[in-house]
Amino acid sequence: MDWELLRDGLSWAMLLGGAAFSLIGGLGILRMPDIYTRMHAASLTDTMGAILILGGLMIQGGLTLVTAKLVLTLFFLLFTSPVSTHALAAAALTDTRTALQARDDGTLAPTEVDLPDDQDALDIAADEAARQSIRDEESRA
Amino acid sequence: MFHAVGLGLVMYLLWLVLSGHYTGLLMTLGAISCAFIVWIVHRMDAIDHEAFPVHLSLRGTVFWPWLLWEIVKSNVDVAKIILDPRLPISPTVVRVPASQKTEFGRVIFANSITLTPGTMSVHMEDHTIVVHALTRSGADGLLNDDEMDRRVCKLEGSC
């Protein structure tokens with residue numbers, strides 16, 4: 001059994017697979033109708049694209065320092081990308097409060113996103129009240 | 001104290017991996033840098049169980065491979081949808097209950113939802129996560145099957 005060939009074959013399959021998923025993710029960004037659905041498509045590149053490409057490179061690297069760094073890269077990528085995705089989605093939600101949603105007859109229509117109590121607005125009001133009470137206290141002193 | 005030592009060890013390990021220098025002088029300098037940073041972090045009073053979750057690493061050996069497999073499955077699903085000429089999407093926004101006790105556990109749950117393509121957490125309020133799903137079946141799957149919620153609970157150690 002030729003291990004060299006097996007290793008190269010496996011890593012090439014993973015690199016090509018990762019490239020394919022990244023490409024499909026890009027195609028999805030073009031095909032999807034609104035920002036949220038486009039972000040779903042983009043997450044293909046973030047997850048499978050990154051995992052397969054970095055995994056393929058790890059196989060090429062073997063048990064070396066390079067592989068350790070690739071593992072760290074993947075680790076940090078998988079921890080940070082949901083945070084940026086969430087920040088983008090939250091920003092989009094703050095902007096319009098509506099998202100394209102499917103209706104019962106199967107058509108898509110912009111629909112208001114039903115959120116729990118608007119805690120941000122309540123927080124801002126509470127902060128302002130606290131600041132006012134500090135100002136009152138200071139003026140009395 | 002335990003967390004400070006753990007933080008220092010992990011940082012030194014990271015330093016060794018990233019630097020690739022294994023001579024006495026440089027390794028000593030690296031150790032001094034790590035000790036210095038642990039001291040600064042200690043002075044900032046930022047060492048606690050959340051800054052460095054040691055307790056999650058062991059139980060994580062079950063959770064992370066499971067999550068990886070979920071990511072692979074949903075990636076294939078979304079790729080099929082994108083490549084389908086009819087683009088069979090039915091975007092839906094649902095509220096998913098998060099039963100984790102700690103904030104850290106809920107962050108892991110919300111991030112796990114976002115990491116699996118086809119579902120994405122857009123808003124969070126105490127124990128409710130507002131999730132945008134690419135298809136209605138994906139949203140129903142998350143509502144009717146609380147496997148991910150349970151597994152994150154187990155990871156967190158609250159059930």
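Residues numbered from 1 in each chain as written. Chains lettered and ligands numbered in written order. Predicted model: local features only at pLDDT ≥ 70, side-chain atom pairs only at ≥ 80, totals over all residues.

*Asks:* Can you walk me through the overall build of chain A in this structure?
*Replies:* Looking only at helices and strands, chain A features four helices and two strands. Element order for chain A, N to C, with α for helix and β for strand: α-α-α-β-β-α. Taking 141 residues into account, the globule formula puts the C-alpha radius of gyration at 14 Å, and chain A, at 24 Å, lies well above it. Along the three orthogonal principal directions, the C-alpha set of chain A runs to about 85 × 55 × 20 Å. By the burial criterion, 25% of the 141 residues in chain A qualify as buried. The contacts of chain A with a sequence gap of at least 6 include a subset with a gap of at least 24, amounting to 49%. (Helix = DSSP H or I, 4+ residues; strand = E, 2+ residues; numbered from the N terminus. Rg over C-alpha atoms; globule rule 2.2 N^0.38 Å. Buried ≥ 20, exposed ≤ 12 C-beta atoms within 10 Å, placed from the backbone. Contact = placed C-beta atoms within 7 Å.)

*Asks:* Sorry, what's going on with the overall build of chain B here?
*Replies:* Looking only at helices and strands, chain B has six helices and three strands in total. When the elements of chain B are put in sequence order from the N terminus, they spell out α-α-α-β-α-β-β-α-α. Against the compact-globule benchmark of 15 Å for 159 residues, chain B has a radius of gyration of 20 Å, which places it well outside the compact range. Considering only C-alpha atoms, chain B reaches an extent of 65 × 35 × 25 Å along its principal axes. For chain B, the proportion of its 159 residues judged to be buried stands at 33%. Sequence separation of at least 24 residues holds for 66% of the intrachain contacts in chain B that already meet a minimum separation of 6.

*Asks:* Teacher, can you tell me more about the domain arrangement of chain B here?
*Replies:* Accessible area lost on assembly of the parts is the figure often given for the size of an interface. For chain B, the assigned domains read domain 1 (2-43) and domain 2 (56-156). On a C-alpha basis, the centres of domain 1 of chain B and domain 2 of chain B stand 36 Å from each other. (Domains from an automatic or database assignment.)

*Asks:* When you look at the pairing of strand E3 (residues 128-133) of chain B in this model, what are you seeing that I'm missing?
*Replies:* All names here are of chain B. For E3, the tally of buried residues reaches five of six residues, placing the bulk of the element in the interior. Of the pairings in the sheet, the one linking strand E2 (residues 119-125) to E3 comprises six bridges and is antiparallel in character. Its bridge partner lying in E3, histidine 123 is registered against valine 130. Between the antiparallel neighbours E2 and E3 lie two residues, among them aspartate 126 with a positive phi of about 45°. (Pairing = 2+ DSSP bridges.)

*Asks:* Where do I start with the interface of chain B and chain A in this structure?
*Replies:* Contact residues are listed per partner, giving 31 residues for chain B and 35 residues for chain A. If you list the elements that add at least two residues to the side of chain B that touches chain A, you get helix H1 (2-19), helix H3 (54-83), strand E1 (92-97), helix H4 (103-115), E2 and E3 of chain B. It is H3(B) that contributes the most residues to the side of chain B that touches chain A, seven residues altogether. Looking at the side of chain B that touches chain A residue by residue, the class counts come to 18 nonpolar, eleven polar and two charged. (Nonpolar A, V, L, I, M, F, W, Y, C, P; charged D, E, K, R; others polar.)

*Asks:* Help me understand helix H1 (residues 3-31) of chain A, please; the structure alone is not making it clear to me.
*Replies:* Count 3.6 residues to each turn of an α-helix, and residues three or four apart come out pointing the same way. When the terminal C-alpha atoms of H1(A) are compared, their 41 Å separation across 29 residues agrees well with the 42 Å that a helix rising 1.5 Å per residue should span. Among the residues making up H1(A), those that are buried are A:Met14, A:Gly18, A:Phe21, A:Ile24, A:Gly25 and A:Gly28. (Expected span 1.5 Å × (residues − 1).)

*Asks:* Would you mind going over the UniProt feature "transmembrane region" (unreviewed entry) in chain B with me for this structure?
*Replies:* Per the UniProt record, the feature "transmembrane region" (unreviewed entry) sits at residues 12-41 of chain B. For residues 12-41 of chain B, helix accounts for 87% and strand for 0%, while the C-alpha atoms at its two ends are 15 Å apart. (UniProt positions renumbered as here; feature names shortened; annotations may be inferred.)

*Asks:* Mind showing me how you'd approach the confidence of the model for chain A here?
*Replies:* Here chain A averages 87 in pLDDT, and 93% of its residues register 70 or above. For chain A, per-element mean pLDDT is lowest for helix H4 (residues 119-140) of chain A, which scores 76, and highest for H1(A), which scores 94. (pLDDT = per-residue confidence, 0-100.)

*Asks:* Please clarify how the sheet that holds E1(B) should be interpreted in this entry.
*Replies:* Through backbone hydrogen bonds, the strands of a sheet pair up, either in parallel or in antiparallel fashion. All names here are of chain B. In space, the three strands of this open sheet follow the order E1-E3-E2, with antiparallel pairing throughout. Each having just a single partner strand, E1 and E2 make up the two edges of the open sheet. Averaged over all neighbouring strand pairs, the angle between strand axes comes to 30°, with direction disregarded. Along the sheet, helix H5 (residues 136-144) makes contact with E1, E2 and E3, crossing E1 at roughly 10°. (Axes fitted to C-alpha atoms, helices over the stretch in contact; angles between N-to-C directions.)

*Asks:* I'm lost on unusual backbone geometry in this one. Help?
*Replies:* Most peptide bonds adopt trans geometry, and most residues besides glycine take a negative phi value. Residues and elements named next belong to chain B. Within the chain, leucine 87 stands out as a residue other than glycine whose phi angle is a positive 50°. Here leucine 87 lies in the loop between H3 and E1. Here leucine 87 falls in the partly exposed class, since 13 other C-beta atoms lie within 10 Å of it. Backbone geometry at aspartate 126 places phi at a positive 45°, although glycine is not the residue there. Mapped onto the fold, aspartate 126 is located in the loop between E2 and E3.

*Asks:* Even after reading the chapter, I still don't get the confidence of the model for chain B, so can you show me in this structure?
*Replies:* Close inspection of predicted coordinates is inappropriate in any region flagged by low pLDDT. In this model, chain B carries a mean pLDDT of 86, and residues with pLDDT of at least 70 account for 94%. The complex model carries a pTM of 0.80, and its ipTM stands at 0.81.

*Asks:* Could you clarify how one ought to interpret the packing of helix H3 (residues 65-96) of chain A against H4(B) in this entry?
*Replies:* Relative orientation and spacing of two packed helices are given, respectively, by the angle between their axes and the distance between those axes. Two elements in contact, H3(A) and H4(B), have axes whose closest approach is 9 Å; the angle formed by their N-to-C orientations is 85°. Between H3(A) and H4(B), the interaxial angle falls into the category roughly perpendicular. Only B:Asn111, B:Thr114 and B:Leu115 of H4(B) make contact with H3(A), whose side of the interface consists of A:Leu78, A:Pro82, A:Thr85 and A:His86. (Parallel < 35°, antiparallel > 145°, perpendicular 65-115°, else oblique.)

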